[in-house]
Amino acid sequence: MSVRGSGPKVLLAHSYYLRYDAKQLRRMKPYPPLATLLVAALAREHGHDVRVFDAMLAPGVEAFEAALDAERPDVVALVEDGFNFLTKMCTLRMRRAALDMVSAARSRGCRIVVNGSDATDHPAQYLAAGADAVIVGDVEPTFLEVAAAWAADRSAGLEAVAGLLLPAGADGRLRRTAPRPAFEELDALPFPAWDLVDVEAYREAWVGAHGRLSWNMVASRGCPYGCNWCAKPLFGRRYTQRSPAGVAEEMRRLRDEVAPDHIWFADDIFGLTSQWIESFAAEVTRRGARTPFMIQSRANLMRPRAVAALAEAGAEEVWLGVESGSQRILDAMEKGTRIEQIREATRALRAAGVRSGWFIQLGYLGEGWEDLLRTRDLIRDERPDEIGVSVSYPLPGTRFYDAVRAQLGEKRNWEDTGELAMMFHGTYTTEFYRRVRDLLHDEVDALAAGADLAPLDRRWAALAAEREEYRNLAVAGR
């Protein structure tokens, strides 16, 4: 889709193709590229001739190549959706897609700028593929300056634009322009350019799979907490928040223009304080904008006032970064939460009629069999409505990555989000943790159904009997 303006023709794109990720294709919960649409709205507001290529529901990179040939853009901006956890996982399949897109644009004579977690971590690969620059940090103000420079002179260099990584100079090292201050004025941004994606295609996908349309929003950027495995290449450890009124107004506009049945707030942490959430609930009520929604938060933040305000505003589900039922492992992760807080948060949500989801992480350094049983037992005790299970995944820029760097081989990223492969030498093997994952999911299902847990106990006992074999295989690197 396109909107004409002045200056060079800009094609904004991203590289997350749902069809390249078998696990997510089965789940069929596609969301439009929020960061990309924010940049599109801002560029359009500044008079640029803007198109969007949305990879999410596209058949593959060949569709992007067709868009290049049809639109013939002067500038291609590959702006990955840094709000979507799927993008932040930096899988190899999506990296190949991104690099292919950069190469395709370069072969057609486009100027190319890239922004995203993977490009920030591995800029040399994107520049070698043909990108003119990688935007570091907040994309919006930097992109506007890049677009303005190329509008004035398509061959212009970008050395004067702050916040960029540029191809290597004579010394063979990548060049970094002046640092750009963090972008704090989130309320000054326009609402995302929802009209530049195929809303009805998303509606058809969602309604066909789940009976309702879910759409994405964000109320903040970043996370102030210091979990030592959490990668934050775009926003760092800062936390910048929109006004409650601004978020509620976007919900109202979204209802009028897109009409979703449900909203996913993609924030790393939604709300942060009870005071903000209470103000948000009041603004939602004032506008009549109440729409069922889902958020991510932390157990220590789900205090009674916050939970009550979330329920008032329409919260249907809250996902908590529980990670482990072992306090020893939580402390090793520098998680900053206590087991008792997990219990209290889950109970408070249940009492308010809000579903609880738990993110569980297996295989962290030093995790043993007893730690895994504590995770199982915490699930049995508190009965979360849903869980998501992964294994510890070392990403650049984290203390965890530094701790296991020497153990990493040539392959340092998963092929896709369903791989669940151990990338370092944990206590047990990948296959072992996949079996634990399946057991934990079956625990949740059995608890919800009120089923007898004896069959699960037998499966746990069988795994316990085999665990030394798995440990020996892990030691052998197999």
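A.B. asks: Mind showing me how you'd approach the side chain of Gln 296 here?
C.D. replies: Relative to the helices and strands, Gln 296 is located in strand E13 (residues 293–297). Residue classification places Gln 296 among the buried positions, given a relative accessible area of 13%. A polar contact is formed between the side chain of Gln 296 and the backbone oxygen of Asp 267, at a distance of 2.9 Å. In this view, Gln 296 contacts Trp 264, Phe 265, Ala 266, Asp 267, Asp 268, Ile 269, Phe 270, Trp 319 and Phe 359; residues no more than four positions away in its chain are not counted.

A.B. asks: When you look at the packing of helix H14 (residues 339–351) against helix H15 (residues 369–382) in this model, what are you seeing that I'm missing?
C.D. replies: When two helices pack together, their arrangement is given by the angle between the helix axes and the distance between those axes. At a minimum axis distance of 10 Å, the contact between H14 and H15 shows a crossing angle of 30°. By the angle between their axes, H14 is roughly parallel relative to H15. The two elements H14 and H15 meet at a crossing, and its hand is right-handed. Two secondary-structure elements touch here, H14 through Ile 339, Ile 342, Arg 343, Thr 346, Arg 347 and Arg 350 and H15 through Leu 378, Asp 381 and Glu 382. Its residues assigned to classes, the contact of H14 with H15 comprises three nonpolar, one polar and five charged.

A.B. asks: How should I be thinking about helix H5 (residues 92–107) in this particular structure?
C.D. replies: Every α-helical turn comprises 3.6 residues, leaving residues that sit three or four positions apart pointing alike. Over its 16 residues, H5 runs 22 Å from end to end, which matches the ideal 22 Å to within 8%, given 1.5 Å per residue. By the burial criterion, the buried members of H5 are Leu 92, Met 94, Arg 95, Ala 97, Ala 98, Leu 99, Met 101, Val 102, Ala 104 and Ala 105. Just downstream of H5 lies Gly 109, where phi reads positive at about 80°.

A.B. asks: What is the right way to read a positive patch on the surface from this model?
C.D. replies: Taken together, the side chains of Lys 23, Arg 26, Arg 27 and Lys 29 make up a positively charged region of the molecular surface. Structurally, Arg 26 is set in helix H1 (residues 22–27).

A.B. asks: Explanation requested: unusual backbone geometry in the structure shown.
C.D. replies: Peptide bonds are, in most cases, trans, and in most cases residues other than glycine have a negative phi. Although it is not a glycine, Arg 72 sits at a positive phi angle of roughly 50°. With respect to the element layout, Arg 72 can be found in the loop between helix H3 (61–71) and strand E4 (75–79). Even without glycine at this site, Leu 420 takes up a positive phi of about 50°. Inspection of the secondary structure puts Leu 420 in the loop between helix H16 (399–404) and helix H17 (430–449).

A.B. asks: Hey, could you run me through the packing of aromatic side chains in this one?
C.D. replies: Describing an aromatic ring pair means giving the distance of the ring centres and the angle of the ring planes. For the structure shown, the criterion picks out 26 aromatic pairs. Ring geometry for Tyr 17 against Tyr 20: centres 5.0 Å apart, planes inclined by 35°, an arrangement best described as tilted. The same class applies to Tyr 17 as to Tyr 20, namely buried. Aromatic pair Phe 191 and Trp 194: ring centres 6.3 Å apart, planes at 20°, arrangement stacked. An identical accessibility class is assigned to Phe 191 and Trp 194; each is buried. In textbook terms, an aromatic cluster arises when at least three aromatic residues are bridged by ring pairs, as seen for Trp 369, Tyr 428, Phe 432, Tyr 433, Trp 460 and Tyr 470.

Cut-off values and rules
Residues numbered from 1 in each chain as written. Predicted model: local features only at pLDDT ≥ 70, side-chain atom pairs only at ≥ 80, totals over all residues. Heavy atoms only, no water. Helix = DSSP H or I, 4+ residues; strand = E, 2+ residues; numbered from the N terminus. Buried < 20%, exposed > 50% of the residue type's maximum accessible area, 1.4 Å probe, protein only. Polar contact = N/O pair within 3.5 Å; in protein donor to acceptor, adjacent residues only side chain to side chain. Contact = heavy atoms within 4.5 Å. Axes fitted to C-alpha atoms, helices over the stretch in contact; angles between N-to-C directions. Parallel < 35°, antiparallel > 145°, perpendicular 65-115°, else oblique. Left-handed = near helix turned anticlockwise from the far one by under 90°. Nonpolar A, V, L, I, M, F, W, Y, C, P; charged D, E, K, R; others polar. Expected span 1.5 Å × (residues − 1). Patch = residues over 30% accessible without salt bridge, like charges linked within 9 Å, V, L, I, M, F, W, Y side chains within 5 Å. Areas by Shrake-Rupley, 256 points an atom, 1.4 Å probe, with all protein chains shown as cover. Salt bridge = Lys/Arg side-chain N within 4 Å of Asp/Glu carboxyl O. Lys, Arg positive; Asp, Glu negative; His and termini not counted. Charge placed at Lys NZ, Arg CZ, Asp CG, Glu CD. Phe/Tyr/Trp six-rings, centres within 6.5 Å; stacked < 30°, edge-to-face > 60°.

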